Amino acid sequence: MNRILIWLTKSSRYFPRPLLDLIITGLFMTVAFWVSDMLLDYTGAENNSALVYVLAVLFIALLTNSFVYGVGASLFGAFCINYFFMEPYAQFSLSYAGYPVAMVSMVVIAFIICGLTATTKNQAVEAARREQNTKELYEANERLNAEKNAIQLEAARETIRGNILRAVSHDLRTPLTGISGAATVLLSSEEMYSEKSISLLQDIRNDANSLIAMVENILSVTRIRDGTMTISKQPEMLEEVAGDAALTIRRRFPDSQVSLELSDDILYLEMDPMLVKQVIINLLENAIRHSGDRESVRLKLYRREDWAVVEVLDQGRGLSEDVLQAIQEGRQFMPQSNDKSRGMGIGLSVCQSIIQIHEGFFEAENGGEGGAVFRFGLPIKEIKYE
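Everything numeric here is computed off the predicted structure, so don't read it as measured data.

With respect to unusual backbone geometry
Right, on to step 1. Even without being a glycine, Glu305 presents a positive backbone phi close to 55 degrees.
Right, on to step 2. In the Ramachandran plot, Glu359 falls in the positive-phi region, its phi being about 60 degrees despite a non-glycine side chain.
Right, on to step 3. Among the secondary structure elements, Glu359 is positioned in the loop between α10 (344-357) and β6 (361-366).

Quick word on the pattern of salt bridges
Right, on to step 1. Counted according to the given criterion, the structure contains nine salt bridges.
Right, on to step 2. Measuring nitrogen to oxygen at the nearest pair gives 2.9 Å for the salt bridge that ties Arg298 to Glu261. Linking Arg298 in strand β4 (residues 297-304) with Glu261 in strand β2 (residues 258-261), this pair joins segments that are 37 residues apart in sequence.
Right, on to step 3. For Arg375, the salt bridge identified is with Glu365, shortest N-O distance 2.9 Å. With Arg375 in strand β7 (residues 372-379) and Glu365 in strand β6, the pair connects residues that are 10 residues apart, well separated along the chain.
Right, on to step 4. Each member of the salt-bridge network shares a partner with another, and the members are Glu311, Glu363, Glu365 and Arg375.

Comments concerning the nonpolar core
Right, on to step 1. By size, the foremost hydrophobic cluster in this structure holds 42 residues, and its most contacted members are Leu238, Ile280, Leu283, Leu299, Phe362, Phe374 and Phe376.
Right, on to step 2. When residues in this core are grouped by element, the largest group, nine residues, is from helix α8 (residues 273-290).
Right, on to step 3. When residues no more than four places from it in sequence are discounted, the contact partners of Leu299 are Ala242, Ala246, Ser259, Leu260, Glu261, Ile280, Leu284, Val310, Glu311 and Val312.
Right, on to step 4. Counting residues in each nonpolar core, the second largest holds 22 residues, with Val54, Ala73, Met86 and Cys114 among its members.

Some details on the pairing of β6
Right, on to step 1. Bridge count for β6 against β7 is six bridges, and the pairing is antiparallel. In the sheet register, Phe361 faces β7, and the bridge partner there is Gly377.

Comments concerning the packing of helix α7 (residues 238-252) against α8
Right, on to step 1. Interaxial distance between α7 and α8 falls to 9 Å at its minimum, and their mutual angle equals 45 degrees. Viewed along their axes, α7 and α8 adopt a mutual orientation that is oblique. Here the hand of the crossing between α7 and α8 comes out right-handed. Residues Leu238, Val241, Ala242, Asp244, Ala245, Ala246, Thr248, Ile249 and Arg252 of α7 touch α8, and the partners they reach there are Pro273, Val276, Lys277, Ile280, Ile281, Leu284, Glu285 and Ile288.
Right, on to step 2. Residue composition of the contact of α7 with α8, by class: 12 nonpolar, one polar and four charged.

So, helix α9 (residues 321-328)
Right, on to step 1. Every buried residue belonging to α9 is among Val323, Leu324, Ala326 and Ile327, and all of these are buried. Looking straight down α9, one finds that the buried residues subtend no more than 165 degrees of arc, so they occupy a single side. Away from its buried face, by an angle of more than 90 degrees, α9 presents the exposed residues Glu321 and Gln328.

Quick notes on the confidence of the model for the chain
Right, on to step 1. Taken over all residues, the pLDDT of the chain has a mean of 77, while the share at 70 or more is 75%.
Right, on to step 2. Looking across the chain, the model is least confident in helix α1 (residues 2-11), with a mean pLDDT of 56, and most confident in strand β5 (residues 307-313), with 93.
Right, on to step 3. Contacts for the low-pLDDT stretch residues 337-342, under 50 throughout, to residues beyond four places or in other chains number 10 contacts.

Some words on the pairing of β4
Right, on to step 1. Judged from the four bridges that link them, β2 and β4 form a sheet pairing that is parallel. Bridged to Leu260 within β4 is Leu299.
Right, on to step 2. Direction of pairing for β4 relative to β5: antiparallel, over a ladder of seven bridges. Note on β5: the bridge partner recorded for Arg298 is Leu313.

Topic: the packing of aromatic side chains
Right, on to step 1. In total, this model carries two aromatic pairs according to the counting rule given.
Right, on to step 2. Look at Trp307 and Phe361: their rings are 5.1 Å apart centre to centre, the planes differ by 75 degrees, and that puts the pair in the edge-to-face class. With Trp307 in strand β5 and Phe361 in strand β6, the pair connects residues that are 54 residues apart, well separated along the chain.
Right, on to step 3. Here the aromatic rings of Phe362 and Phe374 are separated by 6.4 Å at their centres, their planes lie at 45 degrees, and the arrangement is tilted. Placement of Phe362 in strand β6 and of Phe374 in strand β7 is noted, with a sequence separation of 12 residues between them.

With respect to the side chain of Lys277
Right, on to step 1. Locating Lys277 in the fold gives a position in helix α8.
Right, on to step 2. Residue Lys277 is classed as buried on the basis of its relative accessible area of 16%.
Right, on to step 3. If sequence neighbours within four positions are ignored, Lys277 has contacts with Val241, Asp244, Ala245 and Thr248.

Comments concerning the sheet that holds β4
Right, on to step 1. Taken in spatial order, the five strands of this open sheet run β2-β4-β5-β7-β6, and their pairing is mixed. The open sheet has two free edges, formed respectively by β2 and β6, since each of these has just one partner strand. Strand after strand, the sheet turns through a mean of 15 degrees between neighbouring axes, direction not considered.
Right, on to step 2. Sheet strands in contact with α8 are β2, β4, β5, β6 and β7, and its direction is about 175 degrees off that of β7.
Right, on to step 3. Sheet contacts for α9: β6 and β7; angle to β6, the most-contacted strand, approximately 155 degrees.

Rules used in this analysis
Residues numbered from 1 in each chain as written. Predicted model: local features only at pLDDT ≥ 70, side-chain atom pairs only at ≥ 80, totals over all residues. Heavy atoms only, no water. Helix = DSSP H or I, 4+ residues; strand = E, 2+ residues; numbered from the N terminus. Salt bridge = Lys/Arg side-chain N within 4 Å of Asp/Glu carboxyl O. Core = buried A, V, L, I, M, F, W, Y, C linked by side-chain atoms within 4.5 Å. Buried < 20%, exposed > 50% of the residue type's maximum accessible area, 1.4 Å probe, protein only. Contact = heavy atoms within 4.5 Å. Pairing = 2+ DSSP bridges. Axes fitted to C-alpha atoms, helices over the stretch in contact; angles between N-to-C directions. Parallel < 35°, antiparallel > 145°, perpendicular 65-115°, else oblique. Left-handed = near helix turned anticlockwise from the far one by under 90°. Nonpolar A, V, L, I, M, F, W, Y, C, P; charged D, E, K, R; others polar. Arc of directions from axis to C-beta. pLDDT = per-residue confidence, 0-100. Phe/Tyr/Trp six-rings, centres within 6.5 Å; stacked < 30°, edge-to-face > 60°.

Right, here's the structure in full:
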């Protein structure tokens, strides 16, 4: 029976369903007539044709798509039994005793069979639907579990990666600080060194300072990604933070020129001064290292409506389209290994993240007269004193 139902489902793709139901009804009525006629030749009047037609009605009700076909088949079968298989043959008559009761009984039984069959079919369809829903829910649950496991695995990998970076960064920071300090002491001593030795000591100090800055940025990136970076806002003058950052850069790059242009307004706002200082240092260091300009780097502060704005300008080679597009879209910039701006990626990512934590904006563009302009703004809000 299941094979028949499957065949009918496939056949409904090629034939309209009403036409297919009519073909099924006609086929079973024809078979019932043929079987009843054959029984009539062997058994005479006692041919049980009513049972044959009831069986045909059962199959029609089961295989067709509507209750109507079974009902119509039962009425048609009752007529055929009376006309062809009851005396007087080839006549429709209810004059014989028992004929009306037999006819009505057959029709009622056929109706009951159609109703029960329709109910059974509906229950089967509902059971199949529930089974399909259960299967889909199971498959969806399996996919969710797989995705959950993948996310947990990636989170575990990220945690391990962050822990390794933090451990390595902490282990590197102390010896690098010692190397930089030792090189600074040797350069400031009164002993006479050759020009080559002085140049090597300066390179050692500069490279050590660069690695220290990179280590600090890596630590900041891991804290940001882990969500463990805490921001401690307090009222602070932006001029003091910027001046401290410029002083740090001048000490780190004594052969560079960084000018500080202050605002006419006093920029007093809530911020985390250490994090904002790190942003300014990163931008100044990028300008000195990657722009090719060490003599005209400018640090400019001004107020624009309710924003305290900081700009770092240079007269160097400018920014590539990749860097500008990444900053414009608010995503992290990770340069390729053959990119001239390699080394900028971590610093710029840290800057973007810190400014986002401060609910500010971060922008970059190429200057009209050449060079690059990095700009970020911090919101100026009314400071309430207790």
